[in-house]
Amino acid sequence: MTQAKEKRISEEEVKKLYVEYKTPEHVKAHCRAVADAAVKLADALNKHGYSLDLDLIRGAGLAHDVARVSDKHWEIGADALKALGYNDEADIIRVHMFYSPFNPVDKLNECDMVCLADRLVKEDKYVGLDERIEYILKKAPDIPAIKANIMARKAETKMLLEDIADVIGQTVDSLFSDKEK
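Summarised in this report is the structure supplied together with it. (Residues numbered from 1 in each chain as written. Predicted model: local features only at pLDDT ≥ 70, side-chain atom pairs only at ≥ 80, totals over all residues. Heavy atoms only, no water.)

Focus on the overall build of the protein chain
Stated formally: Every helix listed is a DSSP run of H or I at least four residues long, and every strand listed is a run of E at least two residues long, numbered separately from the N terminus. What the globule rule says is 2.2 Å times the number of residues to the power 0.38, and the radius of gyration is computed from C-alpha atoms. Under the scheme applied here, a residue whose accessible area is under 20% of the maximum for its type counts as buried, over 50% as exposed, and between as partly exposed, the area being computed with a 1.4 Å probe on protein chains only. In what follows, residue pairs with any heavy atoms lying within 4.5 Å of each other are defined as contacts. In this count, Lys and Arg are taken as positive residues and Asp and Glu as negative ones, while His and the chain termini are left out. Where a charge lies is defined by one atom per residue type: Lys uses NZ, Arg uses CZ, Asp uses CG and Glu uses CD.
The helix and strand inventory of the protein chain stands at nine helices and two strands. Helices and strands in the protein chain line up, N terminus first, as α-α-α-α-α-α-β-β-α-α-α. In summary, the protein chain has a C-alpha radius of gyration of 16 Å against a globular reference of 16 Å for 181 residues, a match within 12%. Along the three orthogonal principal directions, the C-alpha set of the protein chain runs to about 45 × 40 × 30 Å. Expressed as a percentage of the 181 residues in the protein chain, the buried residues total 46%. Considering only contacts within the protein chain whose residues lie at least 6 apart along the sequence, 64% involve residues at least 24 apart. Seen as two clouds, the 28 positive and the 34 negative side-chain charges of the protein chain have centres 3 Å apart.

Below, the structure written as structure tokens:
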């Protein structure tokens, strides 16, 4: 997905998009929290032999919900970034709502990091998988197939978190317990 010479979106450029797309303050705070969590996860993996692009992860995390006030915000946001030449960020934003399955732990990429962080952050803070899924279930329509899909994604995410813990030598929750929980 990434190449060393790819253009990366800056925080200043994301802020301009927030203005253009009238991104609410609480959504901006959510985007910052997702970006921070994704970078922290990726940095922990990078310390164990991975080569994840932290600038790509930060930019995609900051911009992933830029158009959240719109229908199909993932498509609108992705199209906006693509038009500006941020192809890798656009690719992540386009799939973040429905990303599944994650790559195996030894093949994790930047998209995995942003999408995983989005499943672990509620509003503007890291809360872990259980609390985030409980929140999603409360908001979801009371349709058995939708709830079953959410629970299947929870199980998939839980396995990935266990695999990441094996790599980094600590649980993902403990990685965040020092300041955010």
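What about the packing of helix α3 (residues 54–63) against helix α6 (residues 110–118)?
Inclusion rule: Working convention: axes come from line fits to C-alpha atoms, limited for helices to the stretch in contact. Angles between N-to-C directions cover 0 to 180 degrees. Any angle that falls under 35 degrees is termed roughly parallel, while one over 145 is termed roughly antiparallel, one within 65 to 115 roughly perpendicular, and all others oblique. By the definition used in this description, the sense in which the near helix is turned from the far one sets the handedness, with an anticlockwise turn below a right angle giving left-handed and a clockwise turn giving right-handed. Classes in brief: Ala, Val, Leu, Ile, Met, Phe, Trp, Tyr, Cys and Pro nonpolar; Asp, Glu, Lys and Arg charged; the others, Gly included, polar.
Packing of α3 against α6 leaves a shortest axis separation of 9 Å and a crossing angle of 40°. The angle between α3 and α6 places the two elements in the oblique class. Crossing geometry of α3 relative to α6 is assigned as right-handed. Across the interface between the two elements, L56, I57, A60 and G61 from α3 touch E110, M113 and V114 from α6. Considered class by class, the residues forming the contact of α3 with α6 number five nonpolar, one polar and one charged.

Examining the pattern of salt bridges
Pairs can form between side chains of opposite charge whenever their charged atoms are close. Note the threshold: Here, a salt bridge means any side-chain nitrogen of Lys or Arg that lies within 4 Å of a carboxyl oxygen of Asp or Glu.
Tallying each qualifying case throughout the model produces 14 salt bridges. The partner of D65 in a salt bridge is R68, with the nearest N and O atoms 2.8 Å apart. Residue classification places D65 among the buried residues on the basis of a relative accessible area of 3%. Given the relative accessible area of 31%, R68 is considered partly exposed. Put simply, R8, D53, D88 and E89 are held in one network by salt bridges that share partners.

Structural notes on the nonpolar core
For the record, the criterion: Only buried residues count toward a nonpolar core. Its members are Ala, Val, Leu, Ile, Met, Phe, Trp, Tyr and Cys residues joined through side-chain atoms within 4.5 Å.
Core analysis: the largest hydrophobic core is formed by 39 residues, its most contacted members being M113 and I164. Every element with two or more residues in this core is listed here: α2 (25–46), α3, α6, α7 (129–139), α8 (144–168) and α9 (172–176). Tallying contributions element by element places α2 first for this core, with nine residues. Sequence-distant contacts of I164, defined by excluding residues within four places in its chain, comprise L45, V105, L108, L116 and V172.

Notes on the packing of aromatic side chains
Heads up, the rule is: Stacked, tilted and edge-to-face are the three classes applied to pairs of Phe, Tyr and Trp rings, where Trp contributes its six-membered ring and a pair requires centres within 6.5 Å; stacked means planes under 30 degrees apart, edge-to-face means over 60, and tilted covers the rest.
Following the criterion strictly, the structure yields three aromatic pairs and no others. With 5.1 Å between their ring centres and 85° between their planes, W74 and F98 make a pair best called edge-to-face. Of this pair, W74 sits in helix α4 (residues 73–83) while F98 sits in the loop between α5 (87–95) and α6, placing them 24 residues apart in sequence. Given the relative accessible area of 16%, W74 is considered buried. For F98, a relative accessible area of 49% translates into the label partly exposed.

Examining helix α1 (residues 11–20)
Short version of the rule: Arc definition: it is the arc formed by the directions from the helix axis to the C-beta atoms.
Taken residue by residue, α1 has V14, L17 and Y18 as its buried positions. Angularly, the buried residues of α1 cover 105° about the axis, an arc narrow enough to put them on a single face. What points out from α1, more than 90 degrees from its buried face, is the exposed set K16, V19 and E20. Summarising the contacts, the buried residues of α1 are in contact with α2, α3 and α4. K22 sits one or two residues past α1 and shows a positive phi near 50°.

Nothing here speaks to function; it is geometry throughout.
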